[in-house]
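Chain by chain, the residues run as shown.
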Amino acid sequence: MATSSFSNFFFILIIISLSFLPFSLSRSPIPSLRHSQTFNVAKSIQSTLQVLSQNSKSLQQQTLYPSSPSTFSVAIYPRSSLIKPQHNNYTSLTLSRLARDSARVSSLTKPGRTMIRPEEIQTPITSGISQGSGEYFAKLGVGQPAKEFYMAIDTGSDINWLQCEPCSECYQQTDPIFNPSESSTYNRVTCDSSECSSLDVSDCSTSDTCLYQVSYGDGSFTAGELATERVSFGNSGSFNNVAIGCGHDNEGLFVGSAGLMGLGGGSLSLPSQINATSFSYCLVDKNSDSSSTLEFNSAGPSDAVFAPLLRNSKRNTFFYVGLEGISVGGEMLPIPANIFQVDETGHGGIIVDSGTAVTRLQTTVYNSLRDTFVKYAQDKLPSTDGFMLFDTCFDLSSMKTANVPTVAFHFSGDKKLSLHPKNTLVPIDSEGKFCLAFAPTDGSLAIIGNSQQQGTRVSYDLTNNLVGFSPDKC
């Protein structure tokens, strides 16, 4: 999810012609790649059914101890174990999730503006699927005494905010709404502060308090006063004077969360404000009852697949990745060499976004991926009708396992990341309908969504400008 000025959300809706661009990638198979992988269909269906049967229950706190003086940990709570499911069947849940995702991507294709110490800090990450959300949630303590809130994590935006009393308009959330009058560390930000001047949209109250508004392309928005607060990660670490929006008027598709944790590259994002040298997260399967961690200043796995972490001076919120090509079934797709590059105007490129569920590729790239996948899936995966934004779906109801063509991302330096079948096919219902987890976009910007990040620790090395992908390191 990304921010923009009043009614826009953060990306670029520019349709470009690709017919004149040179082709640099061969169609020949890649001998070193596994061309297909076994997908446990029965286990995936069982997981979708489990989502609908989960009930709220209490959890015992797990105490974690630091492995070194600079390592911090907090208890892990699965989101799906704390809340009751909001849907009575998986198809309605999928419809809700995809509607929110489509609204988000629509906004991402439009232009918009949007005591500190280098120690490792962790906080839990859990799936929001049982709330009908394709996003993920992490627990953040706010105020003194600290009260913990589940907030959506978003590498596509910068502003941290949560719903605050008194509410002129607040959506329903799982946690109690934050009351700033109960915190001794809550301080309103003045209009002449550097934090206020960093906002894309701001105003000044008669009492010289900085007022903020963040609007999203799907019509969602938050508005209130900007303040500084103490934020904490369980017992593992805390930071004073972190700028955070105290939203008194909040409307839209935020689904159960108390607010949003901005993990982007701008000056008001959480990593920037706590001077983090790195951060990483692992997104558990949406249908899982497990969870993982969001970590700051921790060393990423040494066996990660590293790619260049690129920055765009015209859009400093977003984390671009140096993607050079995509293969399906061992065959490189015939796509232009510069299709994933940012041009001189700041348009184009491909970003890693924790808040978008389904990976979006430029239409020509998507069509090539889809057609090649279907070619290798013939006689292996029975096809069926499409579903909403998915035009390529399969009926696996009669199969316990399936042989799925491998989709792989190729980065500079001959680095590649092979996706697991669960990152390639997403369940649409609990009966065995699965769809290719990619979709086209008419815009010039491509997005690696969280469906392709599931089960992989994604590490952002902000010092060395690298992004690492470590499968099965949750």
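See above for the structure.
As a starting point, this report considers the structure included with it. (Residues numbered from 1 in each chain as written. Predicted model: local features only at pLDDT ≥ 70, side-chain atom pairs only at ≥ 80, totals over all residues. Heavy atoms only, no water.)

With respect to the overall build of the protein
Okay, step 1: Helices and strands together make up the secondary structure of the protein, namely seven helices and 30 strands.
Okay, step 2: For the protein, with 474 residues in total, the buried portion stands at 58%. (Helix = DSSP H or I, 4+ residues; strand = E, 2+ residues; numbered from the N terminus. Buried < 20%, exposed > 50% of the residue type's maximum accessible area, 1.4 Å probe, protein only.)

What about the sheet that holds strand β25 (residues 425-427)?
One key point about sheets: their strands pair by backbone hydrogen bonds, in either a parallel or an antiparallel sense.
Okay, step 1: Pairing is antiparallel in the open sheet, where four strands are placed in the order β20-β21-β26-β25. A single partner strand is all that each edge strand has here, and the edge strands are β20 (383-384) and β25.
Okay, step 2: Inspection of the sheet shows β20 paired to strand β21 (residues 393-395) by two bridges, in the antiparallel sense. What sits directly across from S383, in β21, is F394.
Okay, step 3: Its contacts with the sheet put helix α6 (residues 363-377) on β21, β25 and β26 (433-436), and the angle it makes with β26 is roughly 135 degrees. (Pairing = 2+ DSSP bridges. Contact = heavy atoms within 4.5 Å. Axes fitted to C-alpha atoms, helices over the stretch in contact; angles between N-to-C directions.)

Some thoughts on the environment of L323
Okay, step 1: Along the chain, L323 falls in strand β16 (residues 323-328).
Okay, step 2: Considered as a pair, L323 and I351 are 28 residues apart in the sequence and their alpha carbons are 9.5 Å apart.

A word on the packing of aromatic side chains
Two aromatic rings are characterised by how far apart their centres lie and by the angle between their planes.
Okay, step 1: Inspection of the entire model under this criterion finds 12 aromatic pairs.
Okay, step 2: Between F149 and F178 the ring centres are 5.9 Å apart and the planes differ by 85 degrees, which places this aromatic pair in the edge-to-face class. With F149 in strand β4 (residues 147-154) and F178 in the loop between β5 (161-163) and β6 (187-188), this residue pair connects regions lying 29 residues apart in the sequence. Note on accessibility: F149 and F178 belong to one class, buried.
Okay, step 3: Aromatic side chains F373 and F394 sit 6.0 Å apart centroid to centroid with 55 degrees between the ring planes, which places their arrangement in the tilted category. Here the residue F373 occupies a position in helix α6, and F394 occupies one in strand β21, the gap between them amounting to 21 residues.
Okay, step 4: Ring pairing ties together the aromatic residues F233, F239, F279, Y281, F296, F319 and Y460, which thus form one cluster. (Phe/Tyr/Trp six-rings, centres within 6.5 Å; stacked < 30°, edge-to-face > 60°.)

Section: the environment of L162
Okay, step 1: As for its position among the elements, L162 is in strand β5.
Okay, step 2: The class of L162 is buried, set by a relative accessible area of 1%.
Okay, step 3: Through-space distance from the C-alpha of L162 to that of G247 is 5.9 Å; in sequence the pair is 85 residues apart.
Okay, step 4: Setting aside residues up to four positions removed in sequence, L162 forms contacts with V142, F149, M151, F178, I244, G245, C246, G247, A258 and G259.

Points about unusual backbone geometry
Okay, step 1: A cis amide bond links Q144 with the next residue in sequence, P145, at an omega value of 0 degrees.
Okay, step 2: Of note, the bond from E165 into P166 is cis; its omega dihedral lies within 30 degrees of zero at -5 degrees.
Okay, step 3: Relative to the assigned elements, P166 resides in the loop between β5 and β6.
Okay, step 4: Phi is positive for N241, which is not a glycine, with a value near 60 degrees.
Okay, step 5: Residue position: N241 is located in strand β10 (residues 238-251).
Okay, step 6: A positive phi angle, near 65 degrees, is found at N297, a position not held by glycine.
Okay, step 7: Within the fold, N297 resides in the loop between β13 (292-296) and β14 (305-310).

Regarding the side chain of N160
Okay, step 1: Tracing the backbone through its elements, the reader meets N160 in the loop between β4 and β5.
Okay, step 2: A distance of 3.1 Å separates a polar side-chain atom of N160 from the backbone oxygen of L268.
Okay, step 3: With near-sequence residues (within four places) excluded, N160 lies in contact with A243, I244, G245, L260, M261, G262, L268, S269, L270 and Q273. (Polar contact = N/O pair within 3.5 Å; in protein donor to acceptor, adjacent residues only side chain to side chain.)

Let's talk about the side chain of D175
Okay, step 1: Structurally, the position occupied by D175 is in the loop between β5 and β6.
Okay, step 2: Within the local environment of D175, its side chain forms a polar contact with the backbone nitrogen of Y150, the two atoms lying 2.7 Å apart.
Okay, step 3: Setting aside residues no more than four positions away along its own chain, D175 makes contact with E148, F149, Y150 and A258.

Quick notes on the nonpolar core
Okay, step 1: With 74 residues, the main nonpolar core has I326, F340, L361, F373 and L396 as its most contacted residues.
Okay, step 2: In terms of residue count, the dominant contributor to this core is α6 (five residues).
Okay, step 3: Other than its neighbours up to four places away in sequence, L396 contacts F39, V41, L381, P382, A402, L425, G432 and F434.
Okay, step 4: Formed by 15 residues, the second largest nonpolar core is a distinct cluster that contains Y171, V214, L260 and L268. (Core = buried A, V, L, I, M, F, W, Y, C linked by side-chain atoms within 4.5 Å.)

Here's the deal with the pairing of strand β23 (residues 407-411)
Okay, step 1: Among the five residues in β23, five count as buried, and that is most of the element.
Okay, step 2: Of the two faces of β23, both are covered, the one formed by V407, F409 and F411 as well as the one formed by A408 and H410.
Okay, step 3: Pairing of β23 with strand β24 (residues 415-418), which is carried by four bridges, proceeds in the antiparallel orientation. Counterpart to F409 in the pairing with β24 is L417.
Okay, step 4: Hairpin connection between β23 and β24: a loop of three residues separates the two successive antiparallel strands, and G413 in this loop has a positive phi of roughly 80 degrees.

Re the state of the cysteines
Cysteine pairs can be covalently joined through their sulfur atoms, and such a bond is termed a disulfide.
Okay, step 1: Per the stated rule, a full pass over the model turns up five disulfides.
Okay, step 2: Across the disulfide, C191 is cross-linked to C204 (sulfur-sulfur distance 1.9 Å). Disulfide C191-C204: torsion about the S-S bond near 95 degrees, hence right-handed. Remark: C204 occurs in strand β7 (residues 202-204) and C191 occurs in the loop between β6 and α4 (194-197); sequence separation between them is 13 residues.
Okay, step 3: The partly exposed category is assigned to C204, whose relative accessible area is 36%.
Okay, step 4: With its sulfur 2.2 Å from that of its partner, C196 forms a disulfide with C210. (Disulfide = S-S within 2.5 Å.)

Describing the pattern of salt bridges
Okay, step 1: For the coordinates displayed, the defined rule picks out eight salt bridges.
Okay, step 2: A salt bridge links E182 to K147, with the shortest nitrogen-to-oxygen separation between them at 2.4 Å. In this pair, E182 sits in the loop between β5 and β6 while K147 sits in strand β4, placing the two residues 35 residues apart along the sequence.
Okay, step 3: Linking R370 and D371 is a salt bridge whose minimum nitrogen-to-oxygen distance equals 3.0 Å.
Okay, step 4: Judged by relative accessible area, D371 falls into the partly exposed class, the value being 44%.
Okay, step 5: When salt bridges with common partners are traced through the structure, they connect R370, D371 and D391 into a single cluster. (Salt bridge = Lys/Arg side-chain N within 4 Å of Asp/Glu carboxyl O.)

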